[in-house]
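Secondary and tertiary structure notes
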Amino acid sequence: MDPDPPAKAPVRRKRTKPLRLLHFTDPHLYGDAGGRLRGVSTLDSLKCCVAHARQHHFPADAVLLTGDLVHDDARGYGHFSSVFDALRAPVHVLAGNHDLPREMQLRLASRPFDLAPIVRYRDWVIFLLDSVVPGATHGHLGDETLAFVDEGLARHSDAHALVCVHHHPVPMGSEWIDGIGIDNAGRLLEVLDRHDNVRGLLWGHVHQASDGMRENVAMMSTPSTCVQFLPASDEFAIDERPPGYRWLHLYPDGRIDTRVEWVEPEG
Ligand SMILES: [Fe+2]
């Protein structure tokens, strides 16, 4: 009689697949589906960006939507289901200075939308920090928010972290824009510097793309899905660049692969 076959050792494969994210920001929707910001139909341009992402970067594990969802018009929230439901991916939402946070919470209260300030995906933890000052254009991080991210980074020290915020936490090299960033950004950077698991900082608000590094942390801004602002201009100026969005691949070893896509409007 044959001896029992040796028990198979469990095969532990190291996970190498990235977490795939799509980042859309500053869509500035109106209640009127034809509403335009500086000549751009904001709902149409958001739809074009999402369609481009579906065609080129799908499937994705999650979507990040980091503020100025509407342009001071609560009825604008009514369009988000029609744009995002079909993606069948969770949509993590953060408010911007043009949002109406109470209305946003009411209108985006159910799936696929998620307003939680922290979410864990496998080897990664994502923070969505509220920087809105009611009635103001610039941003500020309250003591509670700073304590929240400090404590969360410690609690998830086994994960790599991506921190998202609406307003910019570093100067963009543009005088008018740098007057409307986070007025106490230094405190956020101090908190992040205390933790060695922070891999990326991601924001909207500035309607322009930028990619840099700070102390091994990827610093990323994503263009708006509608109108862009001219980089490096000390006075307010519109850029002619088309709508855009960003894809990010977050790897189990902490690496971030990312690129901005510019989407030429149809027709
Ligand atoms: Fe905006």
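Below you will find a few notes about this structure. Starting afresh in each chain, residues are numbered from 1 along the sequence in its written order. The predicted nature of this model means local features are confined to residues of pLDDT at least 70 and side-chain atom pairs, given and counted, to a pLDDT of 80 or more, with totals for whole chains, interfaces and linings taken over all residues. As a rule here, side-chain values cover all heavy atoms of the structure and leave hydrogens and water aside.

**Some details on the environment of V206**
A run of H or I in DSSP counts as a helix once it spans at least four residues, and a run of E counts as a strand once it spans at least two, with each numbered from the N terminus. The residue V206 is located in the loop between β10 (198-203) and β11 (210-214) in this model. On the accessibility criterion, V206 (1% relative accessible area) is buried. Residues V206 and H166 lie 40 residues apart in sequence; the distance between their C-alpha atoms is 9.0 Å. Two residues qualify as a contact provided that any one of their heavy atoms is within 4.5 Å of a heavy atom in the partner residue. Filtering out sequence-adjacent residues up to four positions away, V206 remains in contact with H168, M172, I177, S221 and F229. Whether a residue is buried, partly exposed or exposed follows from its accessible area with a 1.4 Å probe, protein chains only, as a fraction of its type maximum: under 20%, in between, or over 50%, in that order.

**Details of the packing of aromatic side chains**
Aromatic contacts are taken between Phe, Tyr and Trp rings whose centres are within 6.5 Å, Trp giving its six-membered ring; a plane angle under 30 degrees counts as stacked, one over 60 as edge-to-face, and the others as tilted. For the coordinates displayed, the defined rule picks out nine aromatic pairs. Residues F127 and F148 carry aromatic rings whose centres are separated by 6.3 Å and whose planes lie at 85° to one another, so their mutual orientation is edge-to-face. Highlighted residues: F127 in strand β8 (residues 124-129) and F148 in helix α4 (residues 143-155), separated in sequence by 21 residues. Note on F127: relative accessible area 0%, which makes it buried.

**Some points on the coordination of the iron ion**
Donor atoms from the polypeptide that coordinate the iron ion comprise D26 (OD), H28 (NE2), D68 (OD) and H207 (NE2), at 2.1 to 2.3 Å from the metal. Coordination shells were defined by N, O and S atoms within 2.8 Å of each metal, extended to 3.2 Å for Na, K and Ca; water is absent from the atom set, which can make sites look incomplete. Between 85 and 135 degrees for all angles marks four donors as tetrahedral; over 155 degrees for opposite donors together with 65 to 115 for all other angles marks four donors as square planar and six as octahedral; every other arrangement is irregular. If you look at the iron ion, its four donor atoms make angles of 88 to 175° with each other, and the shape they trace is irregular. Written as a sequence motif, the donor arrangement for the iron ion is D-x1-H-x39-D-x138-H. On the criterion of sequence distance, the pair formed by H28 in the loop between β1 (19-24) and β2 (36-37) and D68 in the loop between β4 (62-66) and α2 (80-84) is long-range, its members being 40 residues apart. For the pair H28 and D68, a shared accessibility class is recorded, and that class is buried.

**Describing the sheet that holds strand β15 (residues 244-250)**
Strands are labelled as partners when DSSP assigns at least two bridges between them. Read across the open sheet, the six strands follow the order β6-β5-β4-β1-β15-β16; overall the sheet is mixed. Each edge of the open sheet is held by one strand with a lone partner, namely β6 (113-114) and β16 (256-262). Here β1 pairs with β4 via four bridges, running parallel. The partner of L22 across the bridge, within β4, is V63.

**Focus: the packing of α4 against helix α6 (residues 185-193)**
Think of two packed helices as two axes; the pair is described by the angle between the axes and how far apart they sit. Every axis in this analysis is a line fitted to C-alpha atoms, fitted for helices over the stretch in contact. Angles between the N-to-C directions lie between 0 and 180 degrees. In the contact formed by α4 and α6, the axes pass within 9 Å of each other and the chain directions differ by 15°. Relative to α6, α4 is oriented roughly parallel. The way α4 lies across α6 gives a crossing that is right-handed. Along the contact surface, α4 presents D143, L146, V149, D150 and L153, while α6 presents R187, L188, V191 and L192. The scheme is simple: roughly parallel for angles under 35 degrees, roughly antiparallel for over 145, roughly perpendicular for 65 to 115, oblique for anything else. Note on convention: near helix rotated counterclockwise from far helix by under a right angle means a left-handed crossing. Clockwise means right-handed.

**Remarks on the environment of G212**
Here G212 is to be found in strand β11. For the pair G212 and G142, spaced 70 residues apart in sequence, the C-alpha separation works out to 26 Å.

**As for the pattern of salt bridges**
Salt bridge, as used here, is a side-chain nitrogen of Lys or Arg placed within 4 Å of a carboxyl oxygen of Asp or Glu. Counted by the stated rule, this structure contains nine salt bridges. The shortest N-O distance in the salt bridge between R120 and D158 comes to 3.1 Å. Here R120 is found in strand β7 (residues 118-121), whereas its partner D158 is found in the loop between α4 and β9 (160-165), with 38 residues between them in sequence. On the accessibility criterion, D158 (57% relative accessible area) is exposed. The partner of E151 in a salt bridge is R155, with the nearest N and O atoms 2.8 Å apart. With E151 and R155 both in helix α4 and four residues apart, the pair spans about one turn of that helix. Residue E151 is classed as partly exposed on the basis of its relative accessible area, which comes to 40%. Exposure remark for R155: the relative accessible area of 49% places this residue in the partly exposed category.

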